[in-house]
Every structure is written in C-alpha cells, then in structure tokens.
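Residues per chain, in single letters:
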Amino acid sequence: MNLRNGHWIILDELNLAPSDVLEGLNRLLDENKELHVPEPNELIKPHKGFQLFATQNPPGLYGGRKPLSRAFRNRFIEIVIDDLPPNEVEEILTHTCNLPKSYSSILVTVMKDLSIHRNDSTIFQANMAKSFSEI
C-alpha cells in the first residue's frame, strides 16, 4: 500500500535484509520501477510520490551486517555520518531529553564502553530482518 499511495518508506539496517528482499528492491530501484511480490504473484508500480530511504551501519563494526554490492549502493545517494564526539552527544541528551548533565555523562560513558566491546561479542547480533512479503 505504501508504494501505491506514494508514501515514504525508511528501511532501517538494510544490510541485515535477506538476499531475496535485496533482489526485489533492486528491481524497484532500477529503470523498471516495479516491485514483484511473489505471493500473490503481483507486480506493483509505485505512485510518483513514493520515496525509499535506507540506513545501515558499517558491516565490519556491527555483528550480522553484510556488505551491499557497489551496484546496489549506486541506486542510492549515500550520506556517511561519523560518530558524534562524546561531548556533543552529552549536550544533545541534556537538552533534548531534559536530563541532568551528570546522567547524560553516565549514558555517554556506557555508550563508549559498549562500543569498545561490540566487536568482541555476539551480544549485538540479532536477526531482525523481515521477509520480502512483510515489506
């Protein structure tokens, strides 16, 4: 329905998606601009207002992420956002969440500790990907 009605869709953590989902999206993003849904064998043409956005974390830094092919990535405009400096994260937490600066500082310390340990652990690995028919 999102395709037909011209809604915008954000696909979070796209590089966790199963291969069949990526293959289906490939056709949607190429010149055909159509999506084939295997069940019920339907071909959907998107509304002219439809927009697709995707996010991902680097494959080497987080568990379970796979690199996307250059050809697939070329179908998007890539914007790379580096990690914010800890003092800026503290400032954002303090002002947008109305937290005391001491709480913001604790949260940033925990975030830094988790970042250090994420490569050495499987705790952050999860199979959160949806099947193609659920999109």
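Conventions and cut-offs
Residues numbered from 1 in each chain as written. Predicted model: local features only at pLDDT ≥ 70, side-chain atom pairs only at ≥ 80, totals over all residues. Heavy atoms only, no water. 1 Å grid on protein atoms, 1.4 Å probe; cavity = no way out; pocket = protein on both sides within 12 Å on 5 of 7 lines; lining within 4 Å. Points joined across faces, edges and corners; volume = space filled by probe spheres on them. Helix = DSSP H or I, 4+ residues; strand = E, 2+ residues; numbered from the N terminus. Nonpolar A, V, L, I, M, F, W, Y, C, P; charged D, E, K, R; others polar. pLDDT = per-residue confidence, 0-100. Contact = heavy atoms within 4.5 Å. Buried < 20%, exposed > 50% of the residue type's maximum accessible area, 1.4 Å probe, protein only. Polar contact = N/O pair within 3.5 Å; in protein donor to acceptor, adjacent residues only side chain to side chain.

Engineer: Sorry, what's going on with the layout of surface pockets here?
Structural biologist: The probe, sized like a water molecule, is rolled over the atoms to show the empty space still left. Roughly 1400 Å³ of internal volume is contained in the largest pocket. Take the lining of the largest pocket: its biggest share by element is four residues, from strand E4 (residues 51-54). Of the residues that constitute the lining of the largest pocket, the class distribution is 21 nonpolar, six polar and twelve charged.

Engineer: What exactly am I supposed to notice about unusual backbone geometry here?
Structural biologist: Most peptide bonds are trans, and most residues other than glycine sit at a negative phi. Geometrically, the link from Glu 39 to Pro 40 is a cis peptide bond, its omega value of 25° lying close to zero. Relative to the elements of secondary structure, Pro 40 occurs in the loop between strand E2 (35-37) and strand E3 (42-44). A positive phi angle, near 50°, is found at Lys 33, a position not held by glycine. Relative to the elements of secondary structure, Lys 33 occurs in the loop between helix H2 (19-29) and E2.

Engineer: What is the right way to read the confidence of the model for the chain from this model?
Structural biologist: The predicted structure's coordinates, where accompanied by low pLDDT, should not be read in detail. Per-residue confidence for the chain averages 83 on the pLDDT scale, and 84% of its residues sit at or above 70. The lowest-confidence element of the chain is E2, averaging 85 in pLDDT; the highest-confidence one is helix H4 (residues 86-96), averaging 93. Taken as a whole, residues 126-135 scores under 50 in pLDDT and shows 16 contacts with residues more than four places along the chain or in a different chain.

Engineer: In this structure, what is going on with the side chain of Glu 34? I would like to understand it.
Structural biologist: Relative to the helices and strands, Glu 34 resides in the loop between H2 and E2. Residue classification places Glu 34 among the buried residues on the basis of a relative accessible area of 9%. A polar contact is formed between the side chain of Glu 34 and the side chain of Lys 45, at a distance of 3.4 Å.

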